[in-house]
Amino acid sequence: MPAPCGMLRCFVGLPLPESWQAGLARVTVRLSAALASPVRWTRPGNWHLTLKFLGDVEEACVPDLVRALSAVAFAPFALRPGRAGFFPPLGQGAGRG
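Residues numbered from 1 in each chain as written. Predicted model: local features only at pLDDT ≥ 70, side-chain atom pairs only at ≥ 80, totals over all residues. Heavy atoms only, no water.

A look at the overall build of the protein chain
Then, in step 1: Within the protein chain, the regular secondary structure consists of 2 helices and 2 strands.
Then, in step 2: When each of the 97 residues of the protein chain is scored for burial, the buried share is 12%.
Then, in step 3: Pairs at least 24 residues apart make up 82% of the contacts formed inside the protein chain by residues separated by at least 6 positions.
Then, in step 4: Carbon and sulfur atoms form 62% of the exposed surface of the protein chain, whose accessible area is close to 8,000 Å². (Helix = DSSP H or I, 4+ residues; strand = E, 2+ residues; numbered from the N terminus. Buried < 20%, exposed > 50% of the residue type's maximum accessible area, 1.4 Å probe, protein only. Contact = heavy atoms within 4.5 Å. Areas by Shrake-Rupley, 256 points an atom, 1.4 Å probe, with all protein chains shown as cover.)

Digging into the pattern of salt bridges
Then, in step 1: Taken as a whole and assessed by the stated rule, the structure comprises 1 salt bridge.
Then, in step 2: Aspartate 64 serves as the salt-bridge partner of arginine 67, at 2.4 Å between the closest nitrogen and oxygen. One end of the pair is arginine 67 and the other is aspartate 64, both in helix 2 (residues 62-70) and 3 residues apart, which spans about a single turn. (Salt bridge = Lys/Arg side-chain N within 4 Å of Asp/Glu carboxyl O.)

Description of the confidence of the model for the protein chain
Then, in step 1: Of the residues in the protein chain, 85% reach a pLDDT of 70 or more, and the chain-wide mean stands at 83.
Then, in step 2: No element of the protein chain has a lower mean pLDDT than helix 1 (residues 18-34), which averages 89, and none a higher one than helix 2, which averages 95. (pLDDT = per-residue confidence, 0-100.)

Examining the packing of aromatic side chains
Then, in step 1: Evaluation of the coordinates by the stated rule reveals 1 aromatic pair.
Then, in step 2: Summarising the aromatic geometry, the rings of phenylalanine 74 and phenylalanine 77 are spaced 6.3 Å apart at their centres and angled 50 degrees between planes, so their arrangement reads as tilted.
Then, in step 3: Classification of phenylalanine 74 as exposed rests on a relative accessible area of 57%. (Phe/Tyr/Trp six-rings, centres within 6.5 Å; stacked < 30°, edge-to-face > 60°.)

Here we look at a nonpolar patch on the surface
Then, in step 1: Among the surface-exposed residues, Val27, Leu31, Leu35, Val39 and Trp41 lie close enough to one another that they form a single nonpolar patch of about 380 Å² accessible area.
Then, in step 2: You can see valine 27 is positioned in helix 1.
Then, in step 3: In this structure valine 27 comes out as partly exposed when scored by relative accessible area, which is 32%. (Patch = residues over 30% accessible without salt bridge, like charges linked within 9 Å, V, L, I, M, F, W, Y side chains within 5 Å.)

A closer look at the state of the cysteines
Then, in step 1: Within this structure, the stated rule accounts for 0 disulfides.
Then, in step 2: Cysteine 61 provides the cysteine sulfur closest to cysteine 10, a residue in no disulfide bond, and the two sulfurs are 9.6 Å apart.
Then, in step 3: For cysteine 61, a relative accessible area of 37% corresponds to the partly exposed category. (Disulfide = S-S within 2.5 Å.)

Quick notes on the environment of cysteine 5
Then, in step 1: Tracing the backbone through its elements, the reader meets cysteine 5 in the segment before strand 1 (7-15).
Then, in step 2: Note: C-alpha distance between cysteine 5 and glutamate 58 (53 residues apart in sequence) is 9.0 Å.

Describing the side chain of glutamine 21
Then, in step 1: Residue position: glutamine 21 is located in helix 1.
Then, in step 2: Only 2.8 Å separates the side chain of glutamine 21 from the backbone oxygen of tryptophan 47, close enough to count as a polar contact.
Then, in step 3: For glutamine 21, the residues in contact, after removing those within four places along its chain, are Leu16, Pro44, Gly45, Asn46 and Trp47. (Polar contact = N/O pair within 3.5 Å; in protein donor to acceptor, adjacent residues only side chain to side chain.)

Below, the structure is given as structure tokens:
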């Protein structure tokens, strides 16, 4: 469901390595064939690790948000896959995180 007019549904995330993207693409093909109901998967190449779901953000605020996040420095870290998740429907809050 799209964000209201003038708003963008935003999150802070890190892209996944290409090898993980390729593996997820294979898994979604297998799962789609096995599921009885339609599922809308995130497009390959857009898979990421969400650090914080921000919810609906005014479009005019996005450049300032990007600037602020670009200034964040952090050390490299190891990442190990775990369980997957999803965002709640619009209007039900930003969920856990």
